[in-house]
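Residue strings, one per chain:
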Amino acid sequence: MLEDLHNPFLPLDERTPATPLWEAKRELAQAVRDYTEALMTSAATPKQMADMSQWLREATAQLEQSPRIYGRNGYTEAGEGTFGEVFQEVGPLCGHSNPIAPPLEMWAEGDTAYARVNMGWRYEGPPGCVHGGFVAALFDEFLGMAQFMGGHPGMTGTLSIKYRRPTPLNVPLELSAWIERSEGRKTFVKGKLEANGVVTAECEGIFIRPTQPVTELRDAVMKEQPEG
Ligand SMILES: CCCCC/C=C\C/C=C\C/C=C\C/C=C\CCCC(=O)SCCNC(=O)CCNC(=O)[C@H](O)C(C)(C)COP(=O)(O)OP(=O)(O)OC[C@H]1O[C@@H](n2cnc3c(N)ncnc32)[C@H](O)[C@@H]1OP(=O)(O)O
């Protein structure tokens, strides 16, 4: 089950795309990232912007007319990789093929998990600094991975963050995390985020292993929704 979910600790150079679809999507996703980052800083003329909007809408229409696959389960069912292989493509923080993902790169050495990321202008909160919500998102994803080292991963129950210093944009950010302890279905994880050798944020996470398989989470949630 765990192997099916994800092995977040594969060496970075072994995380090759599982199928040709992902190989192509990775390239397209990076192009979209570059585009949006350029958009954030562009002072092109209104006419140039209008032309680009038109061109982009045409490109979007092409994608919309292509065969579609929805969600992680959809991709695994379509034979586009195991749950873990799909996760490394679509994850909203670490997904190579998801243009929303910065992306965050994660690995493990011994009992410690590490990650690195560079957050561009799209993520600006305070001037020149990373938005606090995105700092929290980085921790959620990263501590969520680090808890796998305990062998009983769960969903985020509580995430407590101390923002100690502003986290700068456009510099390499380094994260580390480790498991403090486990109690029953709960795993307690701690982590920190550093920029230029300075700790800018610390986090404590409590992850709770659900009682049903993670692949059935969506169906379980949908059943809880009121009719209509
Ligand atoms: C195998 C699971 C993997 C889960 C990962 C999910 C998908 C991705 C899968 C693979 C991808 C690879 C890695 C993951 C990468 C990133 C992870 C991102 C994680 C997220 O982004 S995930 C979204 C945000 N997350 C939620 O959407 C949770 C919504 N929520 C619930 O689904 C329930 O609320 C749940 C399950 C949390 C608990 O429900 P429950 O019914 O099982 O809990 P129950 O009441 O039985 O309590 C049992 C013991 O936990 C204590 N406890 C309860 N709740 C607590 C809390 N909030 N904080 C601290 N302690 C809590 C009690 O005090 C008791 O403690 P005690 O035993 O000591 O009395």
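Just so we're clear, the structure is a prediction, and the values are computed from it rather than from any experiment. (Residues numbered from 1 in each chain as written. Predicted model: local features only at pLDDT ≥ 70, side-chain atom pairs only at ≥ 80, totals over all residues. Heavy atoms only, no water.)

**Overview of the UniProt feature "domain: Thioesterase" (unreviewed entry) in the protein**
Using the residue numbers shown here, the UniProt feature "domain: Thioesterase" (unreviewed entry) corresponds to residues 128-195. Helix makes up 22% of residues 128-195 and strand 46%, with an end-to-end C-alpha separation of 13 Å. (UniProt positions renumbered as here; feature names shortened; annotations may be inferred. Helix = DSSP H or I, 4+ residues; strand = E, 2+ residues; numbered from the N terminus.)

**A few points about the packing of aromatic side chains**
Across all of its chains, the model carries 4 aromatic pairs by this definition. Taking the centre distance of 5.9 Å and the plane angle of 40° together, the rings of tyrosine 35 and tryptophan 55 count as tilted. Placement of the pair is tyrosine 35 in helix α2 (residues 20-41) and tryptophan 55 in helix α3 (residues 46-65), with a sequence separation of 20 residues. An angle of 25° between the planes, with centres 6.0 Å apart, marks the rings of tryptophan 107 and tyrosine 114 as stacked. (Phe/Tyr/Trp six-rings, centres within 6.5 Å; stacked < 30°, edge-to-face > 60°.)

**Regarding unusual backbone geometry**
The omega torsion across proline 102 and proline 103 is -5°, close enough to zero to call that bond cis. One can find proline 103 in the loop between α5 (83-90) and β1 (105-109). With a phi close to 60°, asparagine 170 is a non-glycine residue in the positive phi region. Along the chain, asparagine 170 falls in the loop between β3 (155-163) and β4 (172-183). Positioned with a positive phi, asparagine 196 is a non-glycine residue whose angle comes to about 50°.

**Concerning the pairing of β1**
As paired strands, β1 and strand β2 (residues 112-118) are joined by 5 bridges and run antiparallel to one another. Pairing of glutamate 109 across the sheet is with threonine 112, part of β2. Count of turn residues in the β1/β2 antiparallel hairpin: 2 residues, of which glycine 110 carries a positive phi of about 60°. (Pairing = 2+ DSSP bridges.)

**Comments concerning the packing of α2 against α3**
Across the interface, α2 lies against α3 with an axial gap of 14 Å and an inter-helix angle of 160°. Relative to α3, α2 is oriented roughly antiparallel. Taken as a pair, α2 and α3 cross one another with a handedness that is left-handed. From α2, Leu28, Tyr35 and Leu39 reach across to α3, where they touch Met49, Met52, Trp55, Leu56 and Leu63. For the contact of α2 with α3, the per-class residue count stands at 8 nonpolar, no polar and no charged. (Axes fitted to C-alpha atoms, helices over the stretch in contact; angles between N-to-C directions. Parallel < 35°, antiparallel > 145°, perpendicular 65-115°, else oblique. Left-handed = near helix turned anticlockwise from the far one by under 90°. Contact = heavy atoms within 4.5 Å. Nonpolar A, V, L, I, M, F, W, Y, C, P; charged D, E, K, R; others polar.)

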